[in-house]
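Each chain is listed here by its residues.
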Amino acid sequence: MQVLTGKRAEPRVAFISLIESGLVKPGTHLFDAKRRHAAIVRADGTLVSGIHAGSIHKVGALSQGLDACNGWTFWHTEIDGRLSPIDDLRSLVRADMAAAGG
C-alpha cells in the first residue's frame, strides 16, 4: 500500500469553504498571476468569467483555452495591494481544520 505525502495527503478543501469561513466574499474578483484573466466569485462557490461559469478549475481552464487547470494555483486574490494565490487561503482553512481536530 502506498502512503500519500505532500499535497495529496492534505485534507480536501472545497472552494466554498473559503466563502463560508469569510476569507473570500461573493463578488470578489480573482485574477491570474499576470492579470490576463479575471473572474467573479459567486455565493455558491462557483466563478463566472465572461461566458464561462463553474468551478475554479473549470473556469480557469476555459479562460485559457485548456482542458484542465489547477484553480487553486491559477486564481489569485488581491490582498494589501498584491496578488496572492487562493491556495494560500486554502492553507489557512486547513490549519483551522487541524486546530479543531478535524
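Residues numbered from 1 in each chain as written. Predicted model: local features only at pLDDT ≥ 70, side-chain atom pairs only at ≥ 80, totals over all residues. Heavy atoms only, no water.

Trainee: Describe the overall build of the protein chain, and please don't skip the residues or the numbers.
Mentor: Each helix and strand counted, the protein chain has 4 helices and 6 strands in total. In the protein chain, the succession of helices and strands from N to C terminus is α-β-β-β-β-α-α-β-β-α. Taken over the C-alpha trace, the protein chain has a radius of gyration of 14 Å; the compact-globule value for 102 residues is 13 Å, and the two agree within 12%. Counting only C-alpha atoms, the protein chain reaches 40 × 30 × 25 Å along its principal axes. Within the protein chain, buried positions represent 34% of all 102 residues. Of the roughly 6,400 Å² that the protein chain leaves accessible, carbon and sulfur atoms contribute 54%. If you average the places of the 12 positive and of the 10 negative side-chain charges in the protein chain, the two averages end up 4 Å apart. (Helix = DSSP H or I, 4+ residues; strand = E, 2+ residues; numbered from the N terminus. Rg over C-alpha atoms; globule rule 2.2 N^0.38 Å. Buried < 20%, exposed > 50% of the residue type's maximum accessible area, 1.4 Å probe, protein only. Areas by Shrake-Rupley, 256 points an atom, 1.4 Å probe, with all protein chains shown as cover. Lys, Arg positive; Asp, Glu negative; His and termini not counted. Charge placed at Lys NZ, Arg CZ, Asp CG, Glu CD.)

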